[in-house]
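Observations on the three-dimensional arrangement
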Amino acid sequence: MSVQRKYEREFVRTFFTSPTAVQGEDDSAKMIRSAAGLRGIQAPDVWVPDNEDATAPSMRDEGARNIIDVVAEHGADFPGEIHPRVVWHRDDAEKRLAGFEYMREIADPENGAVDHIDGFVIPEVGDIDDWKKADECFQMIEAEHGLEEGSLSMSVIVESGEAEIALNRVRDEMGKPSNTLERMFLLVDGEVDYTKDMRAMTPTGELPEWPELRHNTSKGASAAGLIAVDGPFDNIRDVEGYKERMEANRAKGMTGIWSLTPKQVEVANKAPLPPKDGTWLLEVGGGEVELVSEGGREVYDGDGVSLSESGGSYVLAIDGDEHELTEDELREELLDRTSYVPSMDDIVESMEEFEAAKEAGKGAIAMTQSATLSIDGVEIDLSKDRMWDEATYQAAQTPITLFQDVYEHRPDQHDALAEIYGSDVVERATQVGN
Amino acid sequence: MSVQRKYEREFVRTFFTSPTAVQGEDDSAKMIRSAAGLRGIQAPDVWVPDNEDATAPSMRDEGARNIIDVVAEHGADFPGEIHPRVVWHRDDAEKRLAGFEYMREIADPENGAVDHIDGFVIPEVGDIDDWKKADECFQMIEAEHGLEEGSLSMSVIVESGEAEIALNRVRDEMGKPSNTLERMFLLVDGEVDYTKDMRAMTPTGELPEWPELRHNTSKGASAAGLIAVDGPFDNIRDVEGYKERMEANRAKGMTGIWSLTPKQVEVANKAPLPPKDGTWLLEVGGGEVELVSEGGREVYDGDGVSLSESGGSYVLAIDGDEHELTEDELREELLDRTSYVPSMDDIVESMEEFEAAKEAGKGAIAMTQSATLSIDGVEIDLSKDRMWDEATYQAAQTPITLFQDVYEHRPDQHDALAEIYGSDVVERATQVGN
Amino acid sequence: MSVQRKYEREFVRTFFTSPTAVQGEDDSAKMIRSAAGLRGIQAPDVWVPDNEDATAPSMRDEGARNIIDVVAEHGADFPGEIHPRVVWHRDDAEKRLAGFEYMREIADPENGAVDHIDGFVIPEVGDIDDWKKADECFQMIEAEHGLEEGSLSMSVIVESGEAEIALNRVRDEMGKPSNTLERMFLLVDGEVDYTKDMRAMTPTGELPEWPELRHNTSKGASAAGLIAVDGPFDNIRDVEGYKERMEANRAKGMTGIWSLTPKQVEVANKAPLPPKDGTWLLEVGGGEVELVSEGGREVYDGDGVSLSESGGSYVLAIDGDEHELTEDELREELLDRTSYVPSMDDIVESMEEFEAAKEAGKGAIAMTQSATLSIDGVEIDLSKDRMWDEATYQAAQTPITLFQDVYEHRPDQHDALAEIYGSDVVERATQVGN
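The rules behind these values
Residues numbered from 1 in each chain as written. Chains lettered and ligands numbered in written order. Predicted model: local features only at pLDDT ≥ 70, side-chain atom pairs only at ≥ 80, totals over all residues. Heavy atoms only, no water. Least-squares fit on C-alpha atoms with pLDDT ≥ 70 in both. Contact = heavy atoms within 4.5 Å. Patch = residues over 30% accessible without salt bridge, like charges linked within 9 Å, V, L, I, M, F, W, Y side chains within 5 Å. Areas by Shrake-Rupley, 256 points an atom, 1.4 Å probe, with all protein chains shown as cover. Salt bridge = Lys/Arg side-chain N within 4 Å of Asp/Glu carboxyl O. Lys, Arg positive; Asp, Glu negative; His and termini not counted. Charge placed at Lys NZ, Arg CZ, Asp CG, Glu CD. Helix = DSSP H or I, 4+ residues; strand = E, 2+ residues; numbered from the N terminus. Pairing = 2+ DSSP bridges. Polar contact = N/O pair within 3.5 Å; in protein donor to acceptor, adjacent residues only side chain to side chain. Nonpolar A, V, L, I, M, F, W, Y, C, P; charged D, E, K, R; others polar. Buried < 20%, exposed > 50% of the residue type's maximum accessible area, 1.4 Å probe, protein only. Core = buried A, V, L, I, M, F, W, Y, C linked by side-chain atoms within 4.5 Å. Axes fitted to C-alpha atoms, helices over the stretch in contact; angles between N-to-C directions. Domains from an automatic or database assignment. Arc of directions from axis to C-beta.

Least-squares fitting of chain B to chain C yields an RMSD of 0.0 Å, with the superposition described by an axial translation of 0.0 Å and a rotation of 120°. Such values leave the two copies arranged in the relation of a three-fold axis. It is Glu 212 of chain B whose C-alpha, among those of chain B, lies nearest the rotation axis, at 4.0 Å. Each copy contacts the other with its own distinct surface, as only 11% of the interface residues of chain B are interface residues in chain C too.

So, about a negative patch on the surface. Among the surface-exposed residues, Glu 206 and Glu 209 of chain A together with Glu 283 and Glu 288 of chain B lie close enough to one another that they form a single negatively charged patch. Within the secondary structure, Glu 209 of chain A is located in the loop between helix 7 (191-197) and helix 8 (211-224).

This next bit is on the pairing of strand 12 (residues 297-300) of chain B. Residues and elements named next belong to chain B. Looking at chain direction, strand 11 (residues 292-294) and strand 12 are connected through 3 bridges and run antiparallel. Each bridged residue has a counterpart across the sheet, and for Val 292 the counterpart in strand 12 is Val 299. The antiparallel hairpin formed by strand 11 and strand 12 contains 2 residues in its connecting segment, where Gly 295 sits at a positive phi of about 55°. Taken together, the 4 bridges between strand 12 and strand 17 (residues 364-375) define a ladder with parallel strand orientation. By the bridge assignment for strand 17, Glu 298 is matched with Leu 373.

Another point: the relation of the copies chain B and chain A. Each of the two chain copies can be generated from the other by rotation about an axis followed by a shift along it. It takes a turn of 120° to lay chain B on chain A, together with a shift of 0.0 Å along the axis; the resulting RMSD is 0.0 Å. With a heterologous cut-off of 20% or less, the 7% of interface residues of chain B that recur at the interface of chain A puts this contact in the heterologous class.

The interface is formed by 28 residues belonging to chain B together with 43 residues belonging to chain C. The residue Arg 237 of chain B makes a salt bridge to Asp 336 of chain C at a minimum N-O spacing of 2.7 Å. For the pair chain B and chain C, the interface holds 13 residue pairs in polar contact (both at pLDDT 80 or more). Contributing elements (two or more residues each) for the side of chain B that touches chain C: helix 5 (161-166), helix 7 (191-198) and helix 8 (211-224) of chain B. With 6 residues, the top contributor of residues to the side of chain B that touches chain C is helix 7 of chain B. Residue composition of the side of chain B that touches chain C, grouped by class: 10 nonpolar, 7 polar and 11 charged.

Both faces of the sheet carry side chains from a regular strand, because those side chains alternate between them. Residue and element names in this part refer to chain B. Buried residues dominate strand 9 (residues 279-284), accounting for 5 of its 6 residues. The sheet contact formed by strand 9 and strand 16 (residues 338-341) spans 4 bridges and is antiparallel. If you follow Leu 281 over to strand 16, its bridge partner there is Ser 339. The antiparallel hairpin formed by strand 9 and strand 10 (residues 287-290) contains 2 residues in its connecting segment, where Gly 285 sits at a positive phi of about 55°.

Okay, the nonpolar core next. Residues and elements named next belong to chain A. Core analysis: the biggest nonpolar cluster contains 58 residues, and Trp 47, Phe 120, Ile 122, Trp 131, Met 154, Val 156 and Met 184 have the highest contact counts within it. Residue contributions to this core peak at 6 residues, all from helix 4 (residues 128-145). When residues no more than four places from it in sequence are discounted, the contact partners of Val 156 are Ile 122, Val 125, Trp 131, Met 184, Leu 186, Leu 187 and Val 188.

This next bit is on the sheet that holds strand 13 (residues 305-310) of chain A. Backbone hydrogen bonds hold the strands of a sheet together, and the pairing may be parallel or antiparallel. Residue and element names in this part refer to chain A. The 3 strands are arranged 13-14-15 in an open sheet whose pairing can be described as antiparallel. Where the open sheet ends on each side, the last strands, each with one partner, are strand 13 and strand 15 (321-326). Each neighbouring strand pair of the sheet contributes to a mean axis angle of 15°, computed without reference to strand direction. Together, strand 13, strand 14 (313-318) and strand 15 form the strand contacts of helix 11 (residues 327-337), whose direction differs from that of strand 15 by roughly 130°.

The next subject is the interface of chain B and chain A. Taken together, the contacts link 43 residues of chain B with 28 residues of chain A. At the junction of chain B and chain A, the tally comes to 6 salt bridges. With a shortest N-O distance of 2.5 Å, Arg 237 of chain A and Glu 332 of chain B are connected by a salt bridge. Counting every contact that joins chain B to chain A gives 13 residue pairs in polar contact (both at pLDDT 80 or more). With 7 residues, the single largest contributor to the side of chain B that touches chain A is helix 8 of chain B. Among the residues forming the side of chain B that touches chain A, the class breakdown is 19 nonpolar, 11 polar and 13 charged.

Taken domain by domain, chain A holds domain 1 (14-270) and domain 2 (279-393). The C-alpha-based centres of domain 1 of chain A and domain 2 of chain A are spaced at 43 Å.

Residues and elements named next belong to chain A. Strand order in this open sheet of 3 strands is 10-9-16, and the pairing throughout is antiparallel. The sheet is open, and its two borders are formed by strand 10 (287-290) and strand 16 (338-341), each paired with just one other strand. Going across the sheet, the axis of each strand differs from the next one's by a mean of 35°, ignoring polarity.

Residues and elements named next belong to chain B. Restricting attention to buried positions, one finds in helix 14 (residues 414-421) the residues Ala 416, Leu 417 and Tyr 421. Across the axial projection of helix 14, the buried residues extend over an arc of 110°, all falling on one side. Residues Asp 415 and Glu 419 are exposed on helix 14 and point more than 90 degrees away from its buried face. In the core, the buried residues of helix 14 are packed alongside helix 12 (344-359), helix 13 (390-409) and helix 15 (423-431). A positive phi of about 85° marks Gly 422, the residue just after helix 14.

Here it is, written out as structure tokens:
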């Protein structure tokens, strides 16, 4: 038994916010009506009709009614979860009261939306006592409306130093008799307001990267069985930057990210899944270059490395140094400088092999990855061994567990997954490790 | 309402220590006498007559008397706050007793200095219980001397793992009935002793950068309404290094820094204020190069980039790659590679525009920054849009709030500010956002 | 008095694990029998017969008996401490019960091993309450076997978010009446399982670097008077990588590291000790290059810098810029770009000088390091001053204190140390600072 997750979804890739009421449109609910229609790879795991920052203060009453209308009508068909965000502020009781009333209205069964509402998102929380105040609102609302206690989940936006400190305490506080914080679901970073709260400044006005905040959020989520989600990536045009941010997040154990557009949702839904094809990387000049697969060889065709052979002796020029090497020395040097990004198929296969070995009573086996590298037309065969034991197996399992979570809960994405990987790989990936 | 700051100063840029008694001088108080005479941009926000590490143990009795003499005589005219540092150690009750007696003497109204003393700095604190012991000394001293409870602020030097952990607890402990930790003012990192306490080592003996300590200090300050200050930068000759450290600190929300000389004070007083002139930056080779403004163009004149044009088609060579581009593609590429550091004037203007837009009922507007870039004599016009909403506005406000805090509390620096920015910009910067 | 360390060893460089029972060998205890025979620089400070992950589940009963046999026979002569690792899991009471029974058996005086057992290593701990459960096992075992309370130390593997949070609480919990957590000794990171627990992923399957975890472990150790140890470095061939990891760890105050082979033990035993010879470093191209000592000069012979002289005027080409400089300007530039890694002898000498100066009543003295640099045959004399005060002295003392700790507790390494440094330096290093 590991830390018990209370909810069906163990992973959330995407947290997509939409304004609940837009001024100057015929239909002020236009944005959420359109979001409610998303399906497949462009539909988020968690959809957040945003009645806070994305919606003008003067439009929020209307926004709450729009949420009710749209969710009552389209919620049943929406493939992801639905978690509206309401107003709240640790330092403003009026805002907290307003947030309470909005939730109360949206969750009223008479209004017909609550059956499709999975929970609410509470922004601007403060210390753990403030989280308890929000939880108390949920308790009263569930009681008044005759909803099961804990049936509405609570997610918070961590956007203050106080809330960051509270991340260390959630685990301890959950389960105490006078709260129902077991309803906690997502811990979402909000770097814009966090930067303001911390009074941080950068020359260009860009947000700091806040690696420690993201670590603390991920650690708090891990300790309490919750899910960590990173904040918005404002530069919507910068798809590469968004992917790099997500790769850095995954190395911290933060699998989810905010998405601002259906296009960002699509990119972020795909990002944590293993690639279709494996890739060899070569370390050059402090960075890593992807080699290109051509006719069964992995080809380097940049200018940073040169390799020549004459009579079994090799000259390798790389990073400003020239090395005269025997074939074995060259292989050794290249082994040190290469790494391999496994494909979905590779991961599944390695897991299957390890399972078979374990079945046969072996605790550890060597997995081999072979390739023919080609640099300046000179070819050399490499093979990399990696020992797999139970711990390696379990760590490698994370992307597969994520895949299976997606497969189980998002049937609307089955076609997209089959298109990416082929049905055979999808089928085996759903089976392995169970 | 945000976390309530108890003190007038919301920002402290500079924490300047001076030895209280120097051996072998006619006047052992020479250093603090000279420090007490600082005015304007060389005078610190917080001046710390240092009766601990900067003063030889054998001179500290005399040092305490020197503090009294100099502060009684010159304290009324000193433009910054005055916070003497006394001895203290979490693991040494004798030192704590000595620190108590020094504070008691310096704060004795009969000695005529206390009216100009804003508080004391307590070094080498341990866990939160140790902070409470120091607070208890303040309580007894205030009671004995008939000073208002809480009238003396307490600042601490965080230079142990125990104290770092306590940073997470200050908020919770403040306001409990048996302490008066509401008197807390500054959280100051002390990396030299911290390094010793952590038993850290580097090959050259240089201090580690301790990014996590600085984050934790800044977070603790944010959560408790206090001010975070970084420790001393020993290499006094290295002005660029000092500026880089402060820029990194500000990205963590740590606005203040220790200063060891009036020259460092001057640099550190100016550093967190926005620049007089905006600058365009171009990403080249993993770093950022400042472009030079010449005749309305932003000129790149390094060797890292080349650009040529022929018949509407462009060739851009950058970071080892050559790209053939149309004008639109070139513009796109350069937009991705440029950023803009706004001037004080730019920030004020953007805030004014956003305020006007908000007044007119708009929640978000696009701010445009335009320039003509010139590379190898080839020119191209760029304009960068950035969406401003309430959150952007509030985050951009931090340097302005800091400026206003300086302007209000440091009239002795008005001339220096007017000289840097011109009176018109200063005038508008004091008005905007209020 | 500083935080009281309860144990003799104040530093642990090496934490060496061996499988306790290997299948398919004539002697299943082969690996631990061989490890028990290690002496000198290949023998670890802490040896961990590993009855958890390194040993197949089916072999662990036999492994426990092997520990007893081998330690009873060879434990008295083993030069390091002996801390077997048993099974445990925060989420699995069956595993906790098994770990308890294994410890009970190994510690049974009838079995003859416990006299040579210093403590046990508990993996997979959870929150602080889980640490207390493990401590309770120790209490019962000590009571049952008539061992002195607290005579068996407890070390933990931090490999979950929950345990990472507990690091902040150890200090507070130690010494409470109903636990005996004063028995705590090592805090060891376990990045493989931590990565799994955090659900972190990297493209190649390599472990993330987890800088925050290592900081938190080091901070927790510092606050509670414990010793921080980093987890295994899997790539056994990569000696340079192992050294770099240890250098980064030491900058965090984490002196110890896991070792998987006697060769890794040797490298890790030497790594934290100051070098035999000092080295000058020159900053070139964003990195640092070691200069080579030749005939009293420090020679740069790479291609990244060129220097020529003509009529007292110098041209220095470095990092893509060419500077025309006077001799003084050149010296200034090179001073900024050089640093010095002191030898053991240098550190001892500087400490001796500072001690003499302090004796003579001086609180701070300037230490000078001089050298003649030679670049392209052009020579220039440099001298670097560094102010030493009490704090510098104490920080510099860390490697010496570590050396003295090694010298006192590891007589089997005296020969290796004399061979590295010469007996004179060893002799003076054992005396200085006492």
